[in-house]
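# Tertiary structure, described
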Amino acid sequence: MSRSWSDTTSRAPVKIRMNSRKRSFVYSGLVSLFILSAWLGGYLVDSAVLDTHLENRNLSPSFAHLFGTDWLGRDMFSRTVMGLGISIQVGFIASACSCLIAAILGLTAAMGRTADAIVSWLIDLFLSVPHLVSLILIAFVFGGGMKGIIIGIAFTHWPSLARIIRAEVLQLRSAEYVLISRKLGKSRLWVASRHIFPHLLPQLLVGLLLLFPHAILHEAAVTFIGLGLSPHQPAIGIILSESMRYLSTGMWWLAFFPGICLLLVVRSFDRVGEQLRVLVDPRQSQE
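Residues numbered from 1 in each chain as written. Predicted model: local features only at pLDDT ≥ 70, side-chain atom pairs only at ≥ 80, totals over all residues. Heavy atoms only, no water.

## Observations regarding the packing of helix 2 (residues 76-108) against helix 9 (residues 236-243)
- Viewed as axis vectors pointing N to C, helix 2 and helix 9 meet at an angle of 135°, and their least axial separation amounts to 8 Å. Considering their axes alone, helix 2 and helix 9 lie oblique with respect to each other. Listed contacts from helix 9 to M76, R79, T80, G83, L84 and S87 of helix 2 are I236, I239 and E242.
- Residues belonging to the contact of helix 2 with helix 9 are distributed by class as follows: 4 nonpolar, 3 polar and 2 charged. (Axes fitted to C-alpha atoms, helices over the stretch in contact; angles between N-to-C directions. Helix = DSSP H or I, 4+ residues; strand = E, 2+ residues; numbered from the N terminus. Parallel < 35°, antiparallel > 145°, perpendicular 65-115°, else oblique. Contact = heavy atoms within 4.5 Å. Nonpolar A, V, L, I, M, F, W, Y, C, P; charged D, E, K, R; others polar.)

## Brief notes about the side chain of D70
- Topologically, D70 is positioned in the loop between helix 1 (2-44) and helix 2.
- Given the relative accessible area of 0%, D70 is considered buried.
- For D70, the side chain forms a polar contact with the main-chain nitrogen of L72, separated by 3.0 Å.
- Separated by 3.1 Å, the side chain of D70 and the backbone nitrogen of G73 make a polar contact.
- Sequence-distant contacts of D70, defined by excluding residues within four places in its chain, comprise R57, N58, M76, R79, M251 and L254. (Buried < 20%, exposed > 50% of the residue type's maximum accessible area, 1.4 Å probe, protein only. Polar contact = N/O pair within 3.5 Å; in protein donor to acceptor, adjacent residues only side chain to side chain.)

## Describing the pattern of salt bridges
- Inspection of the entire model under this criterion finds 5 salt bridges.
- Across the pair D70 and R79 runs a salt bridge whose closest N-O atoms are separated by 3.3 Å.
- Taking the relative accessible area as the measure of exposure, R79 reaches 4% and is therefore buried.
- Residue D116 pairs with R166 through a salt bridge whose shortest N-O separation is 2.6 Å. Here R166 lies in helix 6 (residues 159-173) and D116 lies in helix 3 (residues 113-127), a separation of 50 residues in the sequence.
- By relative accessible area, which is 13% here, D116 ends up buried.
- Taken together, the shared-partner salt bridges in this structure form one network comprising D70, R74, R79 and E242. (Salt bridge = Lys/Arg side-chain N within 4 Å of Asp/Glu carboxyl O.)

## A closer look at helix 5 (residues 145-154)
- For helix 5, the tally of buried residues reaches 7 of 10 residues, placing the bulk of the element in the interior.
- Every buried residue of helix 5 is accounted for by G148, I149, I150, I151, G152, I153 and A154.
- Of the surrounding elements, those touching the buried residues of helix 5 are helix 2, helix 4 (131-141) and helix 8 (188-224).

## Describing a nonpolar patch on the surface
- A surface patch of nonpolar side chains, about 660 Å² in accessible area, is lined by F34, L217, W252, F256, I260, L263 and L264.
- Looking at the secondary structure, you find L217 in helix 8.
- In this structure L217 comes out as partly exposed when scored by relative accessible area, which is 36%. (Patch = residues over 30% accessible without salt bridge, like charges linked within 9 Å, V, L, I, M, F, W, Y side chains within 5 Å. Areas by Shrake-Rupley, 256 points an atom, 1.4 Å probe, with all protein chains shown as cover.)

## Observations regarding the environment of Y43
- Residue position: Y43 is located in helix 1.
- Taking the relative accessible area as the measure of exposure, Y43 reaches 47% and is therefore partly exposed.
- Between the C-alpha atoms of Y43 and G85, which are 42 residues apart in sequence, the distance is 7.1 Å.

## Notes on the packing of helix 4 against helix 5
- It is the contact of helix 4 with helix 5, at a shortest axis distance of 8 Å, that shows an interaxial angle of 140°. As far as their axial angle goes, helix 5 and helix 4 are oblique. Crossing of helix 4 over helix 5 shows right-handed handedness. Residues L135, I138 and A139 of helix 4 form the contact with helix 5, whose own contacting residues are G148, I149, I151, G152 and I153.
- By residue class, the composition of the contact of helix 4 with helix 5 is 6 nonpolar, 2 polar and no charged. (Left-handed = near helix turned anticlockwise from the far one by under 90°.)

## Description of the confidence of the model for the chain
- Looking at the chain as a whole, its pLDDT mean stands at 79, while 87% of the residues score no less than 70.
- A low-confidence stretch, residues 4-10 (pLDDT under 50), is modelled with 0 contacts involving residues beyond four sequence positions or located in other chains. (pLDDT = per-residue confidence, 0-100.)

## A short note on the nonpolar core
- Counting residues in hydrophobic clusters, the biggest one holds 28 residues, and the most contacted among them are I88, I216 and F269.
- Broken down by secondary-structure element, the contributors of at least two residues to this core are helix 1, helix 2, helix 8, helix 9 and helix 10 (253-280).
- Ranked by residues supplied to this core, first place goes to helix 10 with 11 residues.
- Discounting chain neighbours no more than four positions away, the residues touching I216 are S87, I88, G91, L262, V265, V266 and F269.
- C99, W158, A162 and A192 belong to the second largest nonpolar core, which has 24 residues in total. (Core = buried A, V, L, I, M, F, W, Y, C linked by side-chain atoms within 4.5 Å.)

Structure follows, in structure tokens:
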């Protein structure tokens, strides 16, 4: 009888962890489907719906126009969906490039004390400057637009992730199997690519998803002040910037719906990153 009870109690935590990981997997799948739909929607929307229709201008939200229309009669729902697609595209490319920079510098720290000192100095240098200031300067130097904003985000969002990767690399560098490989004559580059890099993939994937919302918000912020994407593109930052002139006239829907949709997408990426961290690290599921 006692044996049966002990078996039940020992299996209970395992079952709870399995259920928690299953819920995390299902939740991540649903949120990822929402993000994918928002991204694909930007490409599926016909650009003809963004044509000017002065007879429909300044219409409040209705079944015909879910998010209303602007001062030129353009459908705000279509503009918002296309803006989200652009923001997701910019955020993905920029955060992926930023993760690549963090991975390269993190692996460089495994090459020796001199390389580690240089990487640490670069991380401290970029962390000492506010993101937005350096982002604006870099985007301006590269001519602005989508290219400038992607380069600016990529070169300003890597330091925090690089610091985490560097700490992981320094811990792995002292592992027993790494020391054995070094004694067998393997080069530092071979050890970094075969032993260290595979252990960094989960951190890089989680870092990519957690950098995503920062990239989208900073793109929208820089575009909002007129230093980001072109005004001819229906980006969320441009939509919010243009709507500021009409909010005092009661056209609240011009900023409300695009702003809410942007926050939903950002929060969705945040949640996917948190749930993926639970799936990657079993210790997270025990909490």
